[in-house]
Amino acid sequence: MEPMIIRQSVGIDVAKDDFKVCYGSINVKMEHSIIAESSFDNSLKGMEQLVIWLSTVLNSSDDLYIIMEATGIYHERLCYFLHSQGFQVSVMPSGRVKKYAESLQQRSKTDLLDAKMLCVLGLERSVDLWEPAREVLQDLKNLSRERGQLVKEQSALKCKLHALEYSFGVHEKVVSRLKSRLELIAVQIKEVESEMHEVVVGDEELSTKTSQLTSIPGISFISAMVVIAETRGFQGIKSAKQLTSYTGYDVVHRESGLYKGKTSISKRGNSHIRSALHMPSLTAVRCNPTLKPFYQRLKAKKAKPIIGLVAVQRKLLCLMFTLWKTDAFYDPNYEKSAEALASA
């Protein structure tokens, strides 16, 4: 009699044009086996074929987890489709997947081997289930990223225009067309920001949460929108530590014996949030009643001011997370009140 199967897992490695699939199971003796492998087009037809294929290889859908790695945007459509079909989906952070893959000492790397690795990960490790974002948050994310791209283009064109204006023999029409593109981008940025405001105003809960986050000195409407959109309203984030890891603000120490390397943040996380919090940190160190003295203390101890600014960004992010979860507005006297209660 074969040992009873206690868990099934499907690992999917998603690329732009296709995705590789590996199905396996693990029994009560903790012995796992790879049962089937396949490949499908990354299209609606390919996703439908995947569901048909799963129905032929699965004994049942009980204790089945579908594991994917967060790879840009290519996995998103597949996540939504499988979730709508009733499957339990888990999207693993790239950092965690990389560390697990290193533990297997797997020398070769192919898409199919990555799918197999994700399958085994799903069998051996506990995973968090993925849930789709509310439609309003998905709209906000699309608008936020569009605005971010427009701002990058605007900055690049301004630099180019500045260089042309100080160059010799530049044709006037070249400068004129460049200025026209800058004017168009400025109009489009305003349009996107107006649409973002409409999205927020149209959702009562989101409107209240946004007011709470922007009550923090230094946090603007746009900064709050980027953080909310990129974290899907802090969905699935259970602690400040998890949040800092997701955004790449987690501190990495490099020490071994007598060697003491450079300590820095990992930057292995959502770069959109880190970019969005740079300007708020500059404002916070001037006007935020709690973060200003915090920054000044760090600045006196650290060799570079940027270290203090990054610490302020991390503090701002954790503060936004706390206000969101506690459904509260910013209280500048909170720390003083907490100290008074502790000493009483």
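Residues numbered from 1 in each chain as written. Predicted model: local features only at pLDDT ≥ 70, side-chain atom pairs only at ≥ 80, totals over all residues. Heavy atoms only, no water.

**Q** So what's going on with the overall build of the protein chain? Residues and values would help.
**A** Across its full length, the protein chain holds 14 helices and nine strands. Along the first, second and third principal axes, the C-alpha atoms of the protein chain reach 75 × 70 × 50 Å. For the protein chain, buried positions account for 40% of its 344 residues. In the protein chain, the proportion of contacts linking residues at least 24 apart, taken out of those at least 6 apart, comes to 64%. Roughly 20100 Å² of accessible area belongs to the protein chain as shown, and the carbon and sulfur atoms make up 53% of that amount. Charge centroids of the protein chain, computed over 46 positive and 39 negative side chains, lie 11 Å from each other. (Helix = DSSP H or I, 4+ residues; strand = E, 2+ residues; numbered from the N terminus. Buried < 20%, exposed > 50% of the residue type's maximum accessible area, 1.4 Å probe, protein only. Contact = heavy atoms within 4.5 Å. Areas by Shrake-Rupley, 256 points an atom, 1.4 Å probe, with all protein chains shown as cover. Lys, Arg positive; Asp, Glu negative; His and termini not counted. Charge placed at Lys NZ, Arg CZ, Asp CG, Glu CD.)

**Q** Describe the nonpolar core, listing the residues and the values that go with them.
**A** Leu206 and Met320 are the most contacted members of the largest nonpolar core, which has 52 residues in total. Among the elements of the structure, helix H5 (135–165), helix H6 (172–201), helix H7 (204–213), helix H8 (221–230), helix H10 (271–276), helix H11 (278–287), helix H12 (291–301) and helix H13 (305–326) are those that each provide at least two residues to this core. By residue number, the principal contributor to this core is H6, which donates nine residues. Setting aside residues no more than four positions away along its own chain, Met320 makes contact with Leu213, Ile216, Ile219, Ser223, Ala224, Val227, Phe234 and Leu277. One finds Ala36, Leu50, Trp53 and Leu58 within the second-largest nonpolar core, a separate group that totals 23 residues. (Core = buried A, V, L, I, M, F, W, Y, C linked by side-chain atoms within 4.5 Å.)

**Q** How would you sum up the packing of H6 against H8? Please name residues and give values.
**A** Look at H6 against H8: their axes get within 11 Å of each other, and the N-to-C directions meet at 65 degrees. In terms of orientation, H6 and H8 fall into the roughly perpendicular class. Two packed elements cross with a definite hand, and for H6 against H8 that hand is left-handed. Every residue of H8 that contacts H6 at Glu193, Met196, His197 and Val200 is listed here: Phe221, Ile222 and Met225. Classifying every residue of the contact of H6 with H8 gives five nonpolar, one polar and one charged. (Axes fitted to C-alpha atoms, helices over the stretch in contact; angles between N-to-C directions. Parallel < 35°, antiparallel > 145°, perpendicular 65-115°, else oblique. Left-handed = near helix turned anticlockwise from the far one by under 90°. Nonpolar A, V, L, I, M, F, W, Y, C, P; charged D, E, K, R; others polar.)

**Q** Give a detailed account of the packing of H8 against H13, specifying residues and quantitative values.
**A** At their nearest, the axes of H8 and H13 sit 12 Å apart, and the two run at 75 degrees to each other. Comparing their axes, H13 and H8 come out roughly perpendicular. Between H8 and H13, the residues in contact are Ser223, Ala224, Val227 and Ile228 and Leu317, Met320 and Trp324, respectively. Residues that form the contact of H8 with H13 fall into these classes: six nonpolar, one polar and no charged.

**Q** So what about the packing of aromatic side chains? Which residues, and what values?
**A** Evaluated as defined, the whole model comprises five aromatic pairs. Look at Phe19 and Phe40: their rings are 5.9 Å apart centre to centre, the planes differ by 35 degrees, and that puts the pair in the tilted class. You can see Phe19 sitting in strand S2 (residues 18–27) and its partner Phe40 sitting in strand S3 (residues 32–41), a full 21 residues away along the chain. As far as burial versus exposure is concerned, Phe19 and Phe40 are alike and both buried. Note that Lys209 overlies the ring of Trp324, its terminal NZ or CZ placed 5.2 Å from the centroid. Over the ring of Phe294 we find Lys315; its NZ or CZ atom is 4.9 Å from the centre of that ring. (Phe/Tyr/Trp six-rings, centres within 6.5 Å; stacked < 30°, edge-to-face > 60°. Lys NZ or Arg CZ within 6 Å of the ring centre and 35° of its normal.)

**Q** So what's going on with a positive patch on the surface? Residues and values would help.
**A** A cluster of basic residues, Lys98, Lys99, Arg254, Lys262, Lys267, Arg268 and Lys304, forms a positive patch at the surface. Tracing the sequence through the fold places Arg254 in the loop between strand S6 (251–252) and strand S7 (255–256). (Patch = residues over 30% accessible without salt bridge, like charges linked within 9 Å, V, L, I, M, F, W, Y side chains within 5 Å. Salt bridge = Lys/Arg side-chain N within 4 Å of Asp/Glu carboxyl O.)

**Q** Could you give me a rundown of the side chain of Thr210, with the residues and numbers involved?
**A** Relative to the helices and strands, Thr210 is located in helix H7. The exposure class of Thr210 is buried, given its relative accessible area of 4%. When neighbours within four sequence positions are excluded, Thr210 is seen to be in contact with Val200, Phe221, Met225 and Ile228.

**Q** Before we move on, can you summarise the pattern of salt bridges with the specific residues and values?
**A** With the rule as written, the count across this model stands at 11 salt bridges. With a closest N to O distance of 3.8 Å, Arg125 and Glu124 form a salt bridge. Overall, Arg125 belongs to the partly exposed group, its relative accessible area being 37%. Notably, a salt bridge pairs Glu205 with Arg134, separated by 3.6 Å at the nearest N-O pair. Of this pair, Glu205 sits in helix H7 while Arg134 is found in the loop between helix H4 (111–124) and H5, placing the two residues 71 residues apart along the sequence. On the basis of relative accessible area, Glu205 is assigned to the partly exposed category, the value being 46%. The exposure class of Arg134 is partly exposed, given its relative accessible area of 35%. Linked through salt bridges whose partners overlap, the residues forming this network are Arg134, Asp203 and Glu205.

**Q** Lay out a negative patch on the surface with the relevant residues and their values.
**A** A contiguous patch of negative charge, built from Glu146, Glu191, Glu195 and Glu198, is present on the exposed surface. Ranked by residue count, the leading element in the negative patch is H6, at three residues. Relative accessible area serves as the criterion here: at 39%, Glu146 is assigned to the partly exposed category.

**Q** Report on helix H2 (residues 76–84), specifying residues and quantitative values.
**A** Leu78, Cys79, Phe81 and Leu82 are the residues of H2 that are buried. On the buried face of H2, the contacting elements are strand S1 (5–14), S2, helix H1 (44–57), strand S4 (64–69) and strand S5 (89–92). At the C-terminal side of H2, Gly86 shows a positive phi close to 90 degrees.

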